[in-house]
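Fold and contact review
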Amino acid sequence: MTATLLRASLLAILSVPLLAQPTPEGMTATVVPLPANASTPLRLPNGDLCWFDGDEVLRQAPGQPAVSLLQLPAPVFASFLVPVDGNRLLFGEASSHRLWLVPLQGPAPTQPLATATWNYDAVALDGQRALVSAKTGGFGSPDNDLVVVDLTTGATATVALLPGASGPVALAPDGDLYYATASLAFPTPPGQTSVLRLRRAVLDAAITNGTVLGLADAELVFAGLDAASDLALDDDGDLLFTDWFHNQVGEVHDATGPAPWLGTPLLDHGSAPGAASLQFLPSPTPGTGVFEPFQPGSSLLVVFETDFAQSHALRCVQPRQAVLTTNLPSPLPTGSVNFVVSGGPTVGVGLLAITLDTTPGLVTITLPGSEQPLGLAAALFGNAILWPDLFDAQGTLTIPVTNPGFPLPTAATAQALLLSVNGVFGVSSVLQPTFGS
């Protein structure tokens, strides 16, 4: 498939009218129920779950009974439970304002690590330090504190004062800190939430020098959100946030880049229990795809959905790549054979490409106006034959291809390009069938 032919084919696809789509396609989700008293749940990379049940931090492996990691003497209200490295969790509670460093293996702590008044959220800066968002001045204070906590000694120091109520924090892979402001007014007026960024070099210098940063030291990433009570950065620089104002999980695309923009909500809970917190787990095999529709890979967004009464569950959302198969096994006999793309976009557009070439590898391209990378089979950039068609209402594309027959079995490469009604591009898995006689 030459670059010119690919471009022309995409322009033809783009001429198809795009229809409204209420929810994103190309993603799949599993829902894991939690006990009715669970709060601040956390999924570990190995699939184990941790949560707080009112007076105990618990860990549960799939199919196994839960085990206790921390038992408190009296019930408290949990603020957060976040990993600080592969072996420890930081647990914050807002009843006695204590922070606990909880090992995943070994004896439970007998004393809290530190105290941070009205702690709200936290993130690990590295294996030695955590940063806690806390209203240390009390609810009457005009500012919220960002407090650095030494995970060895428990020493604390305020590193930033930012206006408003307590806001959530998230750390980018490059170490930059993202913070969402919250209005002091109640009820909260719409459009008052801004996402700010503190560059890691600025943050480290303030910690080293013992200075306190303010609003002037932060960069404005995006303004005018209605609410953002929790944040998570995905693996291609998008910022996901819980919007309790609209009961949605919103998304600021390219938040780590020079031109962030607000997209349609990733999840819209309507009148169902909404998202209380977010956790993003990158793929254990980097480079296989990003957290975008119709992508390969296994990155995971974990959404804690609750009504804060009876309904508590984790919704685990990840990309789902469309799969290309044939209705007959290889070697494909002479005559008609169906190439079938399943898991594609509902009433979307597809473009099947086949070439008698098996050059290995993928060529990653990004189309103008498209956010996610497309991993196209390298073999298709030679002489490929193209078949455009429409997906049906179940997201299936079936294209009959005639095999003229070959004296000897001949290997080929096939892949489909797809476009959803929302304007989202994707590619199917690569198939290498053999054409027979």
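Here the structure is a predicted model, which is why all the values come from computation and not from measurement.

As for the overall build of the chain
Summing up its helical and strand segments, the chain has two helices and 36 strands in all. Projected onto the principal axes, the alpha-carbon positions of the chain cover approximately 80 × 50 × 40 Å. Within the chain, the fraction of its 437 residues that count as buried is 50%. For the chain, long-range pairs separated by at least 24 residues make up 53% of all intrachain contacts whose partners lie at least 6 apart in sequence. Carbon and sulfur atoms make up 59% of the accessible area of the chain, which totals about 18900 Å². Taking the average location of the 12 positive side-chain charges in the chain and that of its 34 negative ones, the two points are 5 Å from each other.

Here we look at the pattern of salt bridges
The tally for this structure, following the rule as stated, stands at nine salt bridges. For the salt bridge of Asp48 with Arg59, the shortest nitrogen-to-oxygen distance reads 2.9 Å. With Asp48 in the loop between β2 (39-43) and β3 (49-52) and Arg59 in strand β4 (residues 56-60), this residue pair connects regions lying 11 residues apart in the sequence. An identical accessibility class is assigned to Asp48 and Arg59; each is buried.

Thoughts on the environment of Thr152
By the secondary structure assignment, Thr152 is in the loop between β12 (143-150) and β13 (156-163). Relative accessible area serves as the criterion here: at 59%, Thr152 is assigned to the exposed category. Spatially, the C-alpha atoms of Thr152 and Asn327 are 60 Å apart, while their sequence positions differ by 175 residues. In this structure the side chain of Thr152 is engaged in a polar contact, spanning 3.2 Å, whose partner is the side chain of Gln128.

Here's the deal with helix α2 (residues 200-209)
Those residues of α2 not exposed but buried are Arg200, Leu203 and Ala206. Relative to the axis of α2, the buried residues are bounded by an arc of 130° and lie together on one face. Away from its buried face by more than 90 degrees, α2 exposes Ala201, Thr208 and Asn209. Positive phi shows up at Gly210, right after α2, with a value of about 70°.

Brief notes about the nonpolar core
Ranked by size, the top nonpolar core spans 20 residues in total, and within it Leu324, Phe339, Val341, Leu352, Ile354, Val401 and Phe435 carry the most contacts. Elements that contribute at least two residues to this core include exactly β27 (335-342), β28 (349-355), β32 (397-403) and β34 (413-419).

Some details on the side chain of Ser229
Looking at the element boundaries, Ser229 is found in the loop between β17 (219-225) and β18 (231-233). What makes Ser229 buried here is its relative accessible area of 19%. Here the side chain of Ser229 touches Thr242 through a polar contact of 2.6 Å, side chain to side chain. Here Ser229 is in contact with Tyr120, Pro168, Thr242 and Trp244, once residues within four sequence places are set aside.

Definitions and cut-offs
- Residues numbered from 1 in each chain as written.
- Predicted model: local features only at pLDDT ≥ 70, side-chain atom pairs only at ≥ 80, totals over all residues.
- Heavy atoms only, no water.
- Helix = DSSP H or I, 4+ residues; strand = E, 2+ residues; numbered from the N terminus.
- Buried < 20%, exposed > 50% of the residue type's maximum accessible area, 1.4 Å probe, protein only.
- Contact = heavy atoms within 4.5 Å.
- Areas by Shrake-Rupley, 256 points an atom, 1.4 Å probe, with all protein chains shown as cover.
- Lys, Arg positive; Asp, Glu negative; His and termini not counted.
- Charge placed at Lys NZ, Arg CZ, Asp CG, Glu CD.
- Salt bridge = Lys/Arg side-chain N within 4 Å of Asp/Glu carboxyl O.
- Polar contact = N/O pair within 3.5 Å; in protein donor to acceptor, adjacent residues only side chain to side chain.
- Arc of directions from axis to C-beta.
- Core = buried A, V, L, I, M, F, W, Y, C linked by side-chain atoms within 4.5 Å.

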